[in-house]
Amino acid sequence: MYKQILVPVDLNEKGFSDRAIEIAVWHAKQSNAQLHLLNVLPGIHMSMVASYFPKDAAQKMKQDVSVQLNAFAQQHINEQVPYQVHIAEGKAYKTILQYADTLRADLIVMPSHKRSKLDKAVLGSVASKVVQASPIQVLVVKPQS
């Protein structure tokens, strides 16, 4: 079974990651696995982007996201399931794959938007890029209708 389960969490859309974390918690309970919740911030340290923000903006953003991610975890994960929260910066799908490797995750539980075929063809999606590039199993969870 699984030992380390990575769950990328999008805090921007209320309710978006709820179903994915519910399924991840179920798998963690069945396997006695540890959950890792990951929120990926856009890379505001890049020189071009960083010049538009105050010097402490990145640190404040990480602190705010950490508070929100910990509150999300406490709301959705019961005390029987061990978990850690992680905040990272970068391109979402690449960072998710890097964390999966670093944490030695054996499952990624990805929330996914309901998108039209045109949106996927033109824009692509983080979930589809993770599925295509991941060397481990990826469970893609669609939001409830």
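The structure presented is a predicted model; accordingly, all values stated were derived computationally and were not measured.

(A) View of the overall build of the chain. For the chain, the count of helices and strands is six helices and five strands. Listed N to C, the secondary structure of the chain is β-α-β-α-α-β-α-β-α-α-β in terms of helices and strands. Counting the 145 residues in the chain, one finds 37% classified as buried. A separation threshold of at least 6 residues defines the contact pool for the chain, and within that pool the share at least 24 residues apart is 76%. Of the roughly 9,000 Å² of accessible surface on the chain, a fraction of 51% belongs to carbon and sulfur atoms.

(B) Local environment of the environment of L6. If you trace the backbone, L6 turns up in strand β1 (residues 4-8). Look at L6 and you get buried, because its relative accessible area is 0%. The contacts of L6, once residues within four sequence positions are left out, are H36, L38, I96, Y99, A100, L103, A105, L107, I108 and V109.

(C) Representation of unusual backbone geometry in the model. With phi around 55°, N32 is a residue other than glycine that occupies positive phi space. If you trace the backbone, N32 turns up in the loop between α1 (18-31) and β2 (34-41). One non-glycine residue, R104, lies in positive phi territory at about 55°. Along the chain, the position of R104 falls in the loop between α4 (92-102) and β4 (107-111).

(D) Examining the packing of α4 against helix α6 (residues 126-133) more closely. Taken N-terminus to C-terminus, the directions of α4 and α6 make an angle of 45°; their axes are 9 Å apart at the nearest point. When the axis of α4 is compared with that of α6, the two are oblique. Both α4 and α6 take part in a crossing whose hand is right-handed. Across the interface between the two elements, A92, Y93, I96 and L97 of α4 pack against V126, K129, V130 and A133 of α6. Looking at the contact of α4 with α6 residue by residue, the class counts come to seven nonpolar, no polar and one charged.

(E) The arrangement of the layout of surface pockets in detail. The computed volume of the second largest pocket comes to approximately 240 Å³. As for the second largest pocket, its lining consists of 14 residues, of which L11, K14, G15, F72 and Q75 are closest to the centre. Class assignment for the residues of the lining of the second largest pocket results in five nonpolar, five polar and four charged.

(F) Structural detail: the side chain of H86. Note that H86 resides in strand β3 (residues 83-89). In contact with H86, not counting residues within four places along its chain, are H36, L37, L38, N39, L69, Y99 and L103.

(G) Seen up close, α1. With 14 residues, α1 should reach 20 Å at 1.5 Å per residue; the first-to-last C-alpha distance of 20 Å fits that figure. Buried residues of α1: A20, I21, I23, A24, V25, H27, A28 and S31, and no others. Buried residues along α1 sit in contact with β1, β2, α3 (57-76), β4 and β5 (137-141).

(H) Local environment of α3. The end-to-end C-alpha separation of α3 is 28 Å, in line with the 28 Å expected for 20 residues at 1.5 Å each. Buried residues of α3: A57, A58, V65, L69, F72 and A73, and no others. Considered in projection along α3, the buried side chains sweep an arc of 125° and stay on one side of the axis. Within α3, the exposed residues directed more than 90 degrees away from the buried face are V67, Q74 and Q75. On its buried side, α3 packs onto α1, β2 and β3.

About the thresholds
Residues numbered from 1 in each chain as written. Predicted model: local features only at pLDDT ≥ 70, side-chain atom pairs only at ≥ 80, totals over all residues. Heavy atoms only, no water. Helix = DSSP H or I, 4+ residues; strand = E, 2+ residues; numbered from the N terminus. Buried < 20%, exposed > 50% of the residue type's maximum accessible area, 1.4 Å probe, protein only. Contact = heavy atoms within 4.5 Å. Areas by Shrake-Rupley, 256 points an atom, 1.4 Å probe, with all protein chains shown as cover. Axes fitted to C-alpha atoms, helices over the stretch in contact; angles between N-to-C directions. Parallel < 35°, antiparallel > 145°, perpendicular 65-115°, else oblique. Left-handed = near helix turned anticlockwise from the far one by under 90°. Nonpolar A, V, L, I, M, F, W, Y, C, P; charged D, E, K, R; others polar. 1 Å grid on protein atoms, 1.4 Å probe; cavity = no way out; pocket = protein on both sides within 12 Å on 5 of 7 lines; lining within 4 Å. Points joined across faces, edges and corners; volume = space filled by probe spheres on them. Expected span 1.5 Å × (residues − 1). Arc of directions from axis to C-beta.

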